[in-house]
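# Coordinates in review
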Amino acid sequence: MKTEETSTAHHSGRAPEPVGLYPHARRVGNLLFLSGVGPRQRGQQAVPGVELDEQGRILRYDFESQCHAVFQNVRYILEEAGARWEDLVDVTVFLTNMRDDFATYNRLYAEYFASSQPCRTTVEVNCLPTPIAIELKCIAAVAG
C-alpha cells in the first residue's frame with residue numbers, strides 16, 4: 001500500500017501555524033507523528049518571553065515560559081488528532097542552549113510526565129527556524 005492511502009494529515013486550529021508546508025501531525029496506522037512543535041501561539045509571530053534586537057537576534061528569553069507553551073501546543077495537536085498526552089511514546093527535544101536550559105527543561109518535563117514516561121532524547125542544536133530556544137518532535141500510539 002502507498003503511504004498516501006494509509007496515512008492521514010492533521011492540522012490543528014489551536015496550535016501555531018506551521019512555518020512551512022507540512023501538517024501538524026500525520027497518523028499512520030496507530031502511530032501519530034507530530035511535526036516539530038515550538039512555543040509560538042496561534043496567530044502570532046512573536047515567541048512568548050523573547051526579546052529581539054533590531055536585527056532579529058535574541059537579546060533575552062524566558063525559557064520556562066517557552067517550555068510551558070511547547071507542552072500546551074503538543075497537547076492541542078494531540079487532542080485535535082484524537083490522541084491524549086498519555087499516548088506519547090517518544091519525545092525528542094531540541095535545545096539551543098543545553099548548558100543553560102537543560103536543568104529547567106528536565107524539571108518541567110518531570111512535572112508534565114510524572115504519570116506517563118515516554119522515551120526521550122535531548123539534542124542541542126545551533127539554532128531553530130524561528131527565534132525559539134526549544135522544539136519538540138513527538139510520536140504517540142493511538143488506540144483504534
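This is a predicted model, so every value here is computed, not measured. All residue numbers refer to position in the chain's written sequence, counted from 1. Confidence filtering applies because this is a predicted model: local features only for residues at pLDDT of at least 70, side-chain atom pairs given and counted only at 80 or more, and all residues used for totals across whole chains, interfaces and linings. Side-chain figures throughout are based on the complete set of non-hydrogen atoms in the structure, without hydrogens or water.

Further remarks concern a nonpolar patch on the surface. A contiguous nonpolar surface patch, about 190 Å² in accessible area, is contributed by Val-28, Leu-31 and Phe-33. Numbering of helices and strands runs from the N terminus, with a helix taken as a DSSP run of H or I at least four residues long and a strand as a DSSP run of E at least two residues long. Mapped onto the elements of the fold, Leu-31 is located in strand E3 (residues 31–34). Working definition: with a 1.4 Å probe on protein chains only, accessible area under 20% of the residue-type maximum means buried, over 50% means exposed, and in between means partly exposed. Residue classification places Leu-31 among the partly exposed residues on the basis of a relative accessible area of 31%. Patch definition: residues with relative accessible area over 30% and no salt bridge; like charges joined within 9 Å; nonpolar side chains (Val, Leu, Ile, Met, Phe, Trp, Tyr) joined within 5 Å. Per-residue and other accessible areas follow the Shrake-Rupley method at a 1.4 Å probe size, with only the shown protein chains counted as cover for residues. We count a salt bridge whenever a side-chain nitrogen from Lys or Arg sits within 4 Å of a carboxyl oxygen from Asp or Glu.

This next bit is on the sheet that holds strand E2 (residues 25–28). Here, a strand pair is defined by DSSP locating no fewer than two bridges between the strands. Spatially, E1-E2-E3-E8-E6-E7 is the arrangement adopted by the six strands of the open sheet, whose pairing is mixed. The sheet is open, and its two borders are formed by strand E1 (7–10) and strand E7 (119–124), each paired with just one other strand. Looking at each pair of strands side by side, their axes are set apart by 15 degrees on average, direction ignored. Here four bridges tie E1 to E2, and the two strands are oriented antiparallel to one another. Bridge pairing in E2 places Ala-9 opposite Arg-26. Contacts are residue-level and defined by heavy atoms, with any inter-residue pair within 4.5 Å sufficient. Only the stretch in contact is used when fitting a helix axis, every axis being a line fitted to C-alpha atoms; angles between N-to-C directions are given from 0 to 180 degrees. Relative to strand E8 (residues 134–141), helix H2 (residues 63–80) is tilted by about 30 degrees, and along the sheet it contacts E1, E2, E3, strand E6 (88–95) and E8. On the sheet, helix H3 (residues 98–112) packs against E6, E7 and E8 and is oriented at approximately 160 degrees with respect to E7.

All right, on to the layout of surface pockets then. Whether a set of points on the 1 Å grid over the protein atoms alone is a cavity depends on a 1.4 Å probe fitting there but being unable to get out, while an open set qualifies as a pocket with protein on both sides within 12 Å along at least five of seven lines; lining residues are those with an atom within 4 Å of a point. Grid points are joined across faces, edges and corners, and a volume is the space filled by probe spheres set on the points. In this structure, the largest pocket occupies an estimated 230 Å³ of space. Lining of the largest pocket is provided by 17 residues; of these, Tyr-22, Gly-36, Gly-38, Arg-40 and Glu-135 occupy positions nearest its centre. Considered class by class, the residues forming the lining of the largest pocket number nine nonpolar, five polar and three charged. Under the scheme applied, nonpolar residues are Ala, Val, Leu, Ile, Met, Phe, Trp, Tyr, Cys and Pro; charged residues are Asp, Glu, Lys and Arg; polar residues are all the others, including Gly.

So, on to H3. Any helix carries an expected span of 1.5 Å times its number of residues minus one. Here H3 spans 19 Å end to end across 15 residues, near enough to the 21 Å set by a 1.5 Å rise per residue. Asp-101, Tyr-105, Leu-108 and Tyr-109 are the residues of H3 that are buried. For H3, the angular spread of buried residues about the axis comes to 105 degrees, placing them on one side. For H3, the exposed residues set more than 90 degrees away from the buried face come down to Arg-99 and Ala-103. Working note: the arc is built from the helix axis to C-beta atom directions.

Glancing now at the pattern of salt bridges. Across all of its chains, the model carries nine salt bridges by this definition. Glu-80 serves as the salt-bridge partner of Arg-14, at 3.3 Å between the closest nitrogen and oxygen. In this pair, Arg-14 sits in the loop between E1 and E2 while Glu-80 sits in helix H2, placing the two residues 66 residues apart along the sequence. Using a relative accessible area of 35% as the deciding quantity, one classes Glu-80 as partly exposed. Where Arg-107 meets Glu-111, a salt bridge forms, and the shortest distance between an N and an O atom there is 3.8 Å.

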